[in-house]
Amino acid sequence: MKKPSVLVLDDDEDNVLILEAALQTSGYEVRHARSCAEAQAILTGRTADALVTDLRLGDGTAFDLVAALGKKRPRVAVLVTGFGSPEDKRASAEAGFQAHLVKPVTLELLDRTLRRALEAASVPPSPSSQAPGRA
């Protein structure tokens, strides 16, 4: 069985190393980037199943990155940030993030969130959830 691939994006070196090691231990294929530009270059050349990212990065925001990626964006995007107001969570959902986790985040919560989101993203919508007259 193919391991789910995850791109970890954070401009904090320690966070990148911790998340990368923890996700590899949990069975993910992990790549990392430290800027929006680096992440965009990686995702232009190779797809990833999921993106785990901080919000504010040195050269932009995760929202900017997801918008710029368009169809090249991973199936699942999880935001891990220190910003947790209802407005912040609404903005991340509107930007297309499947989950918004507020730091500090346990690695168990991140793994569980990723697995659920990846599972949900791989299941096609049921016929009853589609609009009438649409296939």
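Rules used throughout
Residues numbered from 1 in each chain as written. Predicted model: local features only at pLDDT ≥ 70, side-chain atom pairs only at ≥ 80, totals over all residues. Heavy atoms only, no water. Helix = DSSP H or I, 4+ residues; strand = E, 2+ residues; numbered from the N terminus. Contact = heavy atoms within 4.5 Å. Buried < 20%, exposed > 50% of the residue type's maximum accessible area, 1.4 Å probe, protein only. Arc of directions from axis to C-beta. Pairing = 2+ DSSP bridges. Right-handed = clockwise from strand over helix to strand, strands pointing away. Axes fitted to C-alpha atoms, helices over the stretch in contact; angles between N-to-C directions.

Quick look at the environment of Leu79 now. Structurally, the position occupied by Leu79 is in strand 6 (residues 76–81). Once the C-alpha coordinates of Leu79 and Ala99 are considered, the two residues, 20 residues apart in sequence, prove to be 6.2 Å apart. With sequence-adjacent residues up to four places away left out, Leu79 is seen in contact with Thr53, Asp54, Leu55, Ala62, Phe63, Ser92, Phe97, Ala99, His100 and Leu101.

Along the chain, the position of Ser35 falls in the loop between strand 2 (29–33) and helix 2 (36–45). Leaving out residues up to four positions away in the same chain, Ser35 has contacts with Leu9 and Asp59.

What follows covers helix 3 (residues 62–69). Of all the residues in helix 3, the buried ones are Ala62, Leu65, Val66 and Leu69. All buried residues of helix 3 lie within an arc of 95° about the axis, which places them on one face of the element. On its buried face, helix 3 sits against strand 1 (5–9), helix 2, strand 3 (50–53), strand 4 (56–57), strand 5 (60–61) and strand 6. After helix 3 finishes, the residue Gly70 shows a positive phi value of roughly 55°.

Tracing the sequence through the fold places Ala95 in the loop between helix 4 (86–94) and strand 7 (99–102). For the pair Ala95 and Ala77, spaced 18 residues apart in the sequence, the C-alpha separation amounts to 9.7 Å. Leave out the neighbours within four places in its chain, and Ala95 touches Phe63, Val66 and Arg73.

Consecutive side chains along a regular strand alternate between the two faces of the sheet. Note that strand 6 and strand 7 share four bridges and pair parallel. Considered in strand 7, the bridge of Thr81 is made with Val102. Following the backbone out of strand 6, through helix 4 and into the adjacent parallel strand 7, one traces a crossover that is right-handed.

Take the sheet that holds strand 3 next. Strand-to-strand pairing in sheets goes through backbone hydrogen bonds, with the strands running parallel or antiparallel. As summarised here, the arrangement of the five strands in space is 2-1-3-6-7, forming an open sheet in which the pairing is parallel. With one partner strand each, in any of the chains shown, strand 2 and strand 7 form the two edges of the open sheet. Strand-to-strand twist across the sheet, computed as the mean angle between neighbouring axes with direction ignored, equals 20°. Bridge count between strand 1 and strand 2: five bridges; the pairing is parallel. Bridging from a neighbouring strand, Leu9 pairs with Ala33 of strand 2. Set on the sheet, helix 3 makes contact with strand 1, strand 3 and strand 6; between it and strand 3 the angle comes to about 160°.

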